Every structure is written in C-alpha cells, then in structure tokens.
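Read off the chains here:
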Amino acid sequence: YVVGLPQVPNISWPGSTTPGCRVIFLQDRDSRASLVLQHGAVLAFSVDVVFSVALAKALDAWLTRTGAPSVHILDVPLAVVQPSVLTTGAWDGWRAPQQNSSSLAFSSERYFIRWLAATTSLAGVEKELLACLSNPQDGFLDRHLNRPLSRRLTRLLAPFPVSANFITVLSLLVGLVAAVCFATGDYGWSVLGTLLLQASAVLDCCDGELARLRLEESTVGYWLDIVGDTLVHLAIFAGIAWGVAATEHSKLPLIVGGVLVAG
C-alpha cells in the first residue's frame, strides 16, 4: 500500500501494527522504481482521502478479475494499480485521474469515500467511516446497542497498537468470567455476569471493526472470532445451568443446560 504524497510531518501510520501492509510515501517518480518488484497490486491514495475498506476490496477484486493495469475512482486520488504502472509517465497526473482505456472509473455512490477539504468536519467523516464498519449479519441487539458502543471504543483504540486479535481474546476472557459469575447461583454475581456478558458482546463487535478499519482482516482472526464466540456461548449456558441447579437443588437445570450446550 502506497501513500501517494510526500510524507507529512504530523501524520503517522501504524505500519508496524498492520501485518502485510507496507506503506511508502512517494515523493517523485524515482521513488516508485522500487515498487516494480513488489508482488501483487498497490493501493495508492492521497493522505487527504478517507475511504472504507469495502471500497479498496472492490477495486482490488475488479483489477484481479480483469487483469487491467489500474482501476481508480474518477476525480479522486485513490487507485489500485499494478506496480509497473507507477513508473510510467501516464501516472504522473494520478491525483486527478481521467478515465481511459487502461483504467476504470468506479462510482463512489455505493462506497464511502471522502476527499477532505479545509472546511471538512473531521468528526463527521470519522462518524461516517465508523458506520461503514458494521457487519451485515448483525442482529437487532448488535445494531441498536452493541454497535453504537463498540464504535466509540473502536475510535478510542484505533490510534494505539492494540491488535484486533487481542480484542478477540479479551472478549473471550470476559465472556468466560461472566459464565463463572452465573455459575455461583448468587443474584448479585449473576447481575455482574450479565454486565460482563454485555461487555464481551461489545468487544466482539469492536475486534471486527478494528480489523476492517486497519486492513487487518485475516483467516486466523476469522477463526479465532468464531471459536471465541462458541466457547463463550457454551460456557454461559453451562454456567447458568450450574448456578440454577445449585440454587434450586435440582438436576433438571443441568439436563436443560446440557441440551443447550449440545445444541
């Protein structure tokens, strides 16, 4: 991934916390020569452009499918290109690209993209960007409670070197502690368990948001998230069943809990 402007002193990039993402600030055509030997396409963009990960993926998918040299957003300095294209004279005017035979102008209506100006509200742009990080599989509670909370947490965590996988593991641990609270059978501990379970759900939303925001999505993270969610569900059902059985002095809750865990 290449940022297509000379390095700006007050802009930092968390390259060390983004696996598989190499950031190079291009200052002239000579600095592009080293990119020719890079494997895979290059995501080139200006530091004053904010866009969703879904847009970058769509551009990359189109380039891979067609084998074209480049693909870009019309009139916006954002493009996915083959490395060799960067050294050609035709790429010198990339900050105002025009549609031609070797590139495709993408419509920005389907995807979030903003070219910032001096009068742009940065807080508004951040809010829009975070809203793009939702999961289309979100249920009612995620959409109306967990996501609004997780977006605030994601906004706070984004500048720090906290990986998405770390948040996934933290969500798992909080969920397991919630299960232990339920297993005590005590009312007060069960209330605490409920709050911890809710916190685990918010963290579970946050890890995906961080991964999508930073282009950190990975197969390992995907399976870690699924396994973590499953373990929390199993532990919660088992903890509730154990706690109710201890309180009611009955084996029936254990049977019901066993059915839920098996399911």
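The structure this text deals with has already been given above.
Chemist: Looking at this structure, how should I read the packing of aromatic side chains?
Modeler: Two numbers describe a pair of aromatic rings. These are the distance of the centres and the angle of the planes. Scanning all chains against the criterion turns up 2 aromatic pairs. When the ring of Phe-45 is compared with that of Phe-51, the centres are 5.2 Å apart and the planes differ by 70 degrees; the resulting orientation is edge-to-face. Residues Phe-45 and Phe-51 agree in their burial class; the two are buried. Pairing Tyr-222 with Trp-223 gives two aromatic rings, centres 5.4 Å apart and planes at 80 degrees, and the pair type is edge-to-face.

Chemist: Before we go on, may I ask you to explain the nonpolar core in this structure?
Modeler: Counting 18 residues, the largest nonpolar core has Leu-43, Phe-51, Leu-55, Leu-59, Ile-73, Leu-78 and Ile-113 as the members making the most contacts within it. Looking at this core, the elements that each hand over two or more residues are strand E3 (42-45), strand E4 (49-51), helix H1 (53-66), strand E5 (70-73) and strand E6 (78-81). Counting residues per element, this core draws most heavily on H1, which supplies 6 residues. One finds Leu-157, Leu-203, Cys-206 and Leu-210 within the second-largest nonpolar core, a separate group that totals 9 residues.

Chemist: In this structure, what is going on with the side chain of Ser-150? I would like to understand it.
Modeler: Structurally, the position occupied by Ser-150 is in helix H3 (residues 140-157). Among the polar contacts listed, one links the side chain of Ser-150 to the side chain of Glu-209, at a separation of 2.8 Å.

Cut-off values and rules
- Residues numbered from 1 in each chain as written.
- Predicted model: local features only at pLDDT ≥ 70, side-chain atom pairs only at ≥ 80, totals over all residues.
- Heavy atoms only, no water.
- Phe/Tyr/Trp six-rings, centres within 6.5 Å; stacked < 30°, edge-to-face > 60°.
- Buried < 20%, exposed > 50% of the residue type's maximum accessible area, 1.4 Å probe, protein only.
- Core = buried A, V, L, I, M, F, W, Y, C linked by side-chain atoms within 4.5 Å.
- Helix = DSSP H or I, 4+ residues; strand = E, 2+ residues; numbered from the N terminus.
- Polar contact = N/O pair within 3.5 Å; in protein donor to acceptor, adjacent residues only side chain to side chain.

Take it as geometry only, folks, not as evidence of what the structure does.
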